[in-house]
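# Analysis of the macromolecular model
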Amino acid sequence: MDATTLLTSQSITVCEFRCDAGPDDAPFAECRTGHSIAYVRSGSFGCQCRAGFFELVAGSMLVGAPGEEYTCTHEHVSGDVCLGFFFGEDMVDALSGRREIWRVGAMPPLPELMVLGELAQTAADGNSDIGLDEVGQILAGRFVDVVSGKPRKPTTPNARDRRRAVEAALWIDDNSHEEVDLEQAAKQAGLSPFHFLRLFSSVLGVTPHQYLVRSRLRHAARLLADDDIAVTDVAYDVGFGDLSNFVRTFHRAAGVSPTKFRQASRGERKILQESPLTPD
């Protein structure tokens, strides 16, 4: 099995797993060391664990808890691809104190979970302005809600909460040219990443990572309109670590490339008429 780590932080680690095992390969037992959810993106495999035997297909989820042993088999088809989320103890505590929730073994292909699994893959591919860590937290929260049968009640932020969210947004905007992640922003607000994500989204209507990306886009638009800085330099100056990601993200937001946006900002109306600027 090939494993690629996509994200590592104190509260969450995300990995992609590609397995090419088939019917002729002997299964072997493995043991979980933490709480995890593996979203099956393609392929199929069977899993024997204490909760029973499960056949997992695309859209299913393999759920792990510390100390739980499981054995995966490939009796029907060869290979599978999974996106694995591994959660720190603090996040699990914030989600729910009921540890038995994580001993269900697996989840069938449920629409309320599948859509988040695919959103996570989109974030992993760099095609979304939602952070991969944010989607992982949302997925874990949705999983707990589904298993417990008790959806979380929306909270009404008080004045102190709103101030925290606004101050966090100002901090993100001031530091958007740097590498900023969810844990850093949460620390600034004096909250756990889980509670900070919920609070920020509730007050401002976007996730912290969405706001970070949009701050970078706003600063980029200003530089493109006012200065003669090369597009590549603009991308790196505002915080994008990859030029192609900047061009793709900017085009998705503005409806035109950064170069055409610059031309349009300088009065070339034909570009505006042919490719109207449309917000994402």
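One structure accompanies this document, and this report is about it. (Residues numbered from 1 in each chain as written. Predicted model: local features only at pLDDT ≥ 70, side-chain atom pairs only at ≥ 80, totals over all residues. Heavy atoms only, no water.)

## Structural notes on the pairing of strand β5 (residues 52-57)
- Where strand β4 (residues 35-49) and β5 come together, 6 bridges link them in antiparallel fashion. Counted as the bridge partner of Cys 49 is Gly 52 from β5.
- Counting the residues in the hairpin turn of β4 and β5 gives 2 residues. (Pairing = 2+ DSSP bridges. Helix = DSSP H or I, 4+ residues; strand = E, 2+ residues; numbered from the N terminus.)

## Points about the nonpolar core
- Core analysis: the largest hydrophobic core is formed by 28 residues, its most contacted members being Phe 85, Phe 87, Trp 102 and Phe 143.
- For this core, the secondary-structure elements that each account for two or more residues are β2 (12-19), β4, β6 (61-64), β8 (80-87), α1 (89-95), α2 (111-124) and α3 (132-148).
- Here this core gets 6 residues from one element, more than from any other, and that element is α3.
- Residues contacting Trp 102, with those up to four places away along its chain left out, are His 35, Ser 36, Ile 37, Val 63, Gly 64, Ala 65, Phe 87, Val 92, Leu 95, Ala 140, Phe 143 and Val 144. (Core = buried A, V, L, I, M, F, W, Y, C linked by side-chain atoms within 4.5 Å. Buried < 20%, exposed > 50% of the residue type's maximum accessible area, 1.4 Å probe, protein only. Contact = heavy atoms within 4.5 Å.)

## Here we look at the pattern of salt bridges
- Per the stated rule, a full pass over the model turns up 9 salt bridges.
- Its salt-bridge partner being Glu 118, residue Arg 41 comes within 2.8 Å of it at the nearest N-O pair. With a gap of 77 residues between them, Arg 41 in strand β4 and Glu 118 in helix α2 connect regions that are remote in the sequence.
- For Arg 41, a relative accessible area of 31% gives the class partly exposed.
- A salt bridge links Glu 167 to Arg 163, with the shortest nitrogen-to-oxygen separation between them at 3.0 Å. With Glu 167 and Arg 163 both in helix α4 (residues 159-174), this residue pair falls 4 residues apart, about one helical turn.
- Look at the salt bridges and you will find they share partners, linking Arg 50, Glu 68 and Arg 103 into a network. (Salt bridge = Lys/Arg side-chain N within 4 Å of Asp/Glu carboxyl O.)

## Things to note about helix α5 (residues 182-189)
- The complete set of buried residues in α5 reads Leu 182, Glu 183, Ala 185, Ala 186 and Ala 189. Within α5, the buried residues cover an arc of 160 degrees as seen down the axis, which keeps them to one side. Looking at α5, the residues exposed on the side facing more than 90 degrees away from the buried face are Lys 187 and Gln 188.
- On the buried face of α5, the contacting elements are α3, α4, α6 (193-204) and α7 (208-226).
- At the C-terminal side of α5, Gly 190 shows a positive phi close to 75 degrees. (Arc of directions from axis to C-beta.)

## Examining the pairing of β2
- For β2, a buried count of 6 out of 8 residues is recorded, marking the element as mostly surrounded by other parts of the structure.
- One ladder, built from 6 bridges, connects strand β1 (residues 2-8) with β2; its direction is antiparallel. Counterpart to Ala 3 in the pairing with β2 is Phe 17.
- Pairing between β2 and β8: 8 bridges, direction antiparallel. The partner of Ile 12 across the bridge, within β8, is Phe 87.

## Comments concerning helix α9 (residues 243-254)
- A rise of 1.5 Å per residue sets the reference length of α9, with its 12 residues, at 16 Å; its end C-alpha atoms lie 16 Å apart and thus fit the reference within 8%.
- Listed in full, the buried residues belonging to α9 are Phe 246, Thr 249, Phe 250 and Ala 254. Relative to the axis of α9, the buried residues are bounded by an arc of 115 degrees and lie together on one face.
- Looking at the buried side of α9, the elements it contacts are α7, α8 (231-237) and α10 (258-265).
- Phi turns positive, to about 85 degrees, at Gly 255, one or two residues after α9. (Expected span 1.5 Å × (residues − 1).)

## Some remarks on a negative patch on the surface
- A contiguous patch of negative charge, built from Asp 2, Asp 20, Asp 24 and Asp 25, is present on the exposed surface.
- Within the fold, Asp 20 resides in the loop between β2 and β3 (29-31). (Patch = residues over 30% accessible without salt bridge, like charges linked within 9 Å, V, L, I, M, F, W, Y side chains within 5 Å. Areas by Shrake-Rupley, 256 points an atom, 1.4 Å probe, with all protein chains shown as cover. Lys, Arg positive; Asp, Glu negative; His and termini not counted. Charge placed at Lys NZ, Arg CZ, Asp CG, Glu CD.)

## Some thoughts on the side chain of Asp 133
- The residue Asp 133 is located in helix α3 in this model.
- Among buried Asp, Glu, Lys and Arg side chains, Asp 133 stands out as unpaired, with Arg 216 the closest opposite charge at 11 Å.
- Excluding its chain neighbours within four sequence positions, the residues that come into contact with Asp 133 are Leu 7, Ile 12 and Leu 182.

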